[in-house]
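Listed here are the chains, written in short residue letters.
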Amino acid sequence: MSADCLFCKIIAGAIPSNKVYSDEHVYAFHDINPAAPTHVLVIPKKHLSAVNDGGEENEALLGKLMLAANKIATELGLAEDGFRYVINTGTDGGQTVFHLHLHILGGRALSWPPG
Ligand code: 5GP
Ligand code: ZN
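Residues numbered from 1 in each chain as written. Chains lettered and ligands numbered in written order. Predicted model: local features only at pLDDT ≥ 70, side-chain atom pairs only at ≥ 80, totals over all residues. Heavy atoms only, no water.

### A short note on the overall build of the chain
Looking only at helices and strands, the chain features two helices and five strands. Expected size for 115 residues packed as a compact globule is a radius of gyration near 13 Å; at 14 Å, the chain falls within 12% of this value. Taken along its principal axes, the extent of the C-alpha atoms in the chain is 35 × 30 × 25 Å. Buried positions account for 33% of the 115 residues belonging to the chain. (Helix = DSSP H or I, 4+ residues; strand = E, 2+ residues; numbered from the N terminus. Rg over C-alpha atoms; globule rule 2.2 N^0.38 Å. Buried < 20%, exposed > 50% of the residue type's maximum accessible area, 1.4 Å probe, protein only.)

This is the structure:
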């Protein structure tokens with residue numbers, strides 16, 4: 001828990017969110033400003049500022065994050081037509097909230113490359 005972190009406050013329930021999944025290590029909720037018909041954020045309950053915050057000690061947690069995302073994408077009906085995972089990292093990556101989050105985007109054909 002990082003006291004000033006928006007997503008830590010969401011995990012703690014201090015800020016409301018539209019939950020789609022929760023387990024011991026992972027929490028997921030709908031993005032407040034969806035960029036696609038389905039736009040879910042999957043986050044570790046442990047505060048990591050970005051995907052590259054830390055090292056080997058997070059190996060299992062990073063795996064759990066992606067496996068949870070796979071489960072959520074399937075449950076939301078995205079597996080057949082496909083979807084995209086995005087992890088914006090740092091300033092050039094467009095990261096605005098500094099608690100690691102994996103975006104699940106789906107429900108329409110997504111363009112490539114990103115802007
Ligand atoms: P980033 O740009 O850091 O990769 O993504 C941050 C995401 O968090 C954005 O898509 C933004 O819409 C979402 N977001 C920011 N504040 C809130 C909030 O209070 N609640 C929810 N559900 N999403 C938020
Ligand atoms: Zn946090």
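What follows continues from the structure just given.
### Describing the nonpolar core
In terms of nonpolar packing, the biggest core is built from 16 residues, with Val-42, Ile-72 and Ile-104 touching the most fellow members. Per-element tally for this core: the top contributor is helix H2 (residues 59–75), with six residues. When neighbours within four sequence positions are excluded, Val-42 is seen to be in contact with Val-26, Tyr-27, Ala-28, Leu-65, Ala-69, Ile-72, Leu-100, His-101, Leu-102 and Ile-104. One finds Cys-5, Tyr-27, Phe-29 and Val-97 within the second-largest nonpolar core, a separate group that totals nine residues. (Core = buried A, V, L, I, M, F, W, Y, C linked by side-chain atoms within 4.5 Å. Contact = heavy atoms within 4.5 Å.)

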